[in-house]
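What follows is the residue order along each chain.
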Amino acid sequence: MQEETVQIQNFIDGHFVRPTNGRYLDNIEPATGKTYSQVPDSDAADVELAVAAAEKAFPLWSRTTAAERSRVLLRIADLIDRDLEKLARAESIDTGKPISLARSLDIPRASSNFRFFATAILHTENEAHVTDGVAFNYTLRQPRGVVGLISPWNLPLYLLSWKIAPAIAVGNTAVAKPSELTPMTAYLLGAICQEAGLPNGVLNIVQGTGPNVGAVITAHPKVGTISFTGGTVTGRKVAEAGAPLFKKISLELGGKNPNIIFADADLDAAIAGSVRSSFANQGQVCLCGSRVFVERPLYDEFVRRFTARVSQLEQGDPLESATEQGAIVSKMQLEKVKFYVDLAREEGGDVVLGGFRSAPPNERCRDGYFFPPTIITGLPVSCRVNREEIFGPVVTITPFESEEEVIRYANDVDYGLSSSVWTQNLSRAHRVAEQIHTGTVWINCWLVRDLRVPFGGMKQSGVGREGGEEALRFFTEPKNVCIAKA
Ligand code: TXE
């Protein structure tokens, strides 16, 4: 297999280069537990080169017309579509996610991100404010310079492109760092950008660890803008590094999202939606609804039917098209999942499905990191398993008696990223949506993502919003120009 011999390189100033220290880390395929490629273990010297390249490219790129920037980004989108199968396979091998998910979600979304922002910059309006016969103001929204983009391992190309596309569309230049666990599609994106004719230095990709690369980017005085997606603990470090330099920072962090099912819900739809929101990508999506709340009259039936449906999910080799549940991204993450399932037992929970490491699906995957979809009932709402982000294929189900009670449960965590509400009562849907403290509320659906809507979290799920207009604003600096009338 071609992937077995790949030594990934950094992408700096339009060229693929080795890390200056010559060091590499093993990159493991989660489905097999075996090293299949090597990722640069870059450090401050590489970040320095990337920042210098981005700085050098900025004057020209920021003055390039929106129409020309748009053309380049559209070419990138087209090339991602052309390489769909290659990228989907790479993403599946790198993350352990089912190839069907990479084909239908991750890679198509990556090209949509480029296409969306490539066209968005052609349709923006400029603001003007007339001061009563005294002056005329207009607002320039200018690119901010070199931006730092740091992304996690769960949706590698999807989330990295979500940052790169708006950042460079509006004329910034970027230093991007994918997760050291999932470097492959970012590496392939570098080649796509070269082929698309993106000028050298507009996008630089430095591969390596959080402490050696991510922390250097966030502390770098010439990187004034940081967009970060990852864990809450890391997000805090990013905020601490950026605060003394007054950087503009957007943080998209963890979640412990409620999935609320009222007794008047369309049960078939609620079950189908809950299976996805609980276990998509082995539960490793920050938007997964890991806390399911079901109104008492429906509780027993929901648990029975939901468990039956989940037990039918096809667990298997991520590279097989029929697989619906693949591998967990890393050994460490697998240990974390196991820790929380053990903790759930200690906290008095009943494991009604899963709960123990699954048998490998085939010989190739003998040493892979597999854990089955796990359903836990009988836990108090306030226990650790119901408050801390697990980020794996584990959900709890809890009954509730009233709207007021479930709103209290939903809000009683440190996180506030997203929520789902299943009900056929429109007034209730609006009422509950208004009272839930999450950045997104889905009514009778999950993960419907219109790229125009504001996206982000409340409380410890993050600071700021991206998506659509919000992203264009985040990556630009507004400047008011005031012209006196006389
Ligand atoms: O994330 P990290 P990890 C959650 C999930 C998971 C936990 C830890 O609960 O178990 O976070 O996962 C880079 N300065 N989410 O360790 O460390 C790192 O190299 C700057 C939720 O993978 O936050 C990677 O590129 N950057 C999440 C990125 O930050 C640093 C998705 C995210 O890694 C850094 C993934 C530092 N000091 C995990 N340290 C979501 N909400 O989508 C690390 N990084």
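The coordinates are above.
Residues numbered from 1 in each chain as written. Predicted model: local features only at pLDDT ≥ 70, side-chain atom pairs only at ≥ 80, totals over all residues. Heavy atoms only, no water.

*Asks:* In this structure, what is going on with the nonpolar core? I would like to understand it.
*Replies:* Across soluble globular proteins, nonpolar side chains have a tendency to be buried as a group. The biggest cluster of nonpolar side chains holds 52 residues, and the ones touching the most others in it are Ile 76, Ile 80, Phe 114, Ile 164, Leu 189 and Leu 203. If you tally residues by element for this core, the top one is helix α4 (residues 99–120), at 8 residues. Excluding residues that lie within four positions of it along the chain, Ile 76 makes contacts with Phe 114, Leu 189, Ile 192, Cys 193 and Ala 196. Ranked by size, the runner-up nonpolar core spans 21 residues in total, among them Ala 270, Val 292, Tyr 299 and Ile 397. (Core = buried A, V, L, I, M, F, W, Y, C linked by side-chain atoms within 4.5 Å. Buried < 20%, exposed > 50% of the residue type's maximum accessible area, 1.4 Å probe, protein only. Helix = DSSP H or I, 4+ residues; strand = E, 2+ residues; numbered from the N terminus. Contact = heavy atoms within 4.5 Å.)

*Asks:* Sorry, what's going on with the environment of Leu 447 here?
*Replies:* Mapped onto the secondary structure, Leu 447 falls in the loop between β19 (440–443) and β20 (458–459). For Leu 447, a relative accessible area of 16% translates into the label buried. Between the alpha carbons of Leu 447 and Val 285 there is a distance of 9.9 Å; along the sequence they are 162 residues apart. When residues no more than four places from it in sequence are discounted, the contact partners of Leu 447 are Arg 276, Leu 287 and Trp 442.

*Asks:* Looking at this structure, how should I read the site of the ligand?
*Replies:* Taken together, 27 residues lie near the ligand, and Trp 153, Glu 180, Thr 234, Lys 336 and Glu 389 sit nearest. Residue Trp 153 places a side-chain N or O atom 2.4 Å away from an oxygen atom belonging to the ligand. Here Gln 333 contributes a side-chain N or O atom positioned 3.2 Å from an oxygen atom of the ligand. Starting from 800 Å² of accessible surface for the ligand in isolation, the protein chains cover 87%. Elements supplying a minimum of two residues to the shell around the ligand: α7 (210–219), β10 (225–229), α8 (232–242) and α11 (331–346). Across the shell around the ligand, the residue classes break down as 10 nonpolar, 11 polar and 6 charged. (Near = heavy atom within 4 Å. Polar contact = N/O pair within 3.5 Å; in protein donor to acceptor, adjacent residues only side chain to side chain. Areas by Shrake-Rupley, 256 points an atom, 1.4 Å probe, with all protein chains shown as cover. Nonpolar A, V, L, I, M, F, W, Y, C, P; charged D, E, K, R; others polar.)

*Asks:* Hey, could you run me through the environment of Ala 44 in this one?
*Replies:* Relative to the assigned elements, Ala 44 resides in helix α1 (residues 44–63). Separated by 162 residues in the primary sequence, Ala 44 and Val 206 have C-alpha atoms spaced 10.0 Å apart. Apart from residues no more than four positions distant in its own chain, Ala 44 is found in contact with Asn 212 and Val 216.

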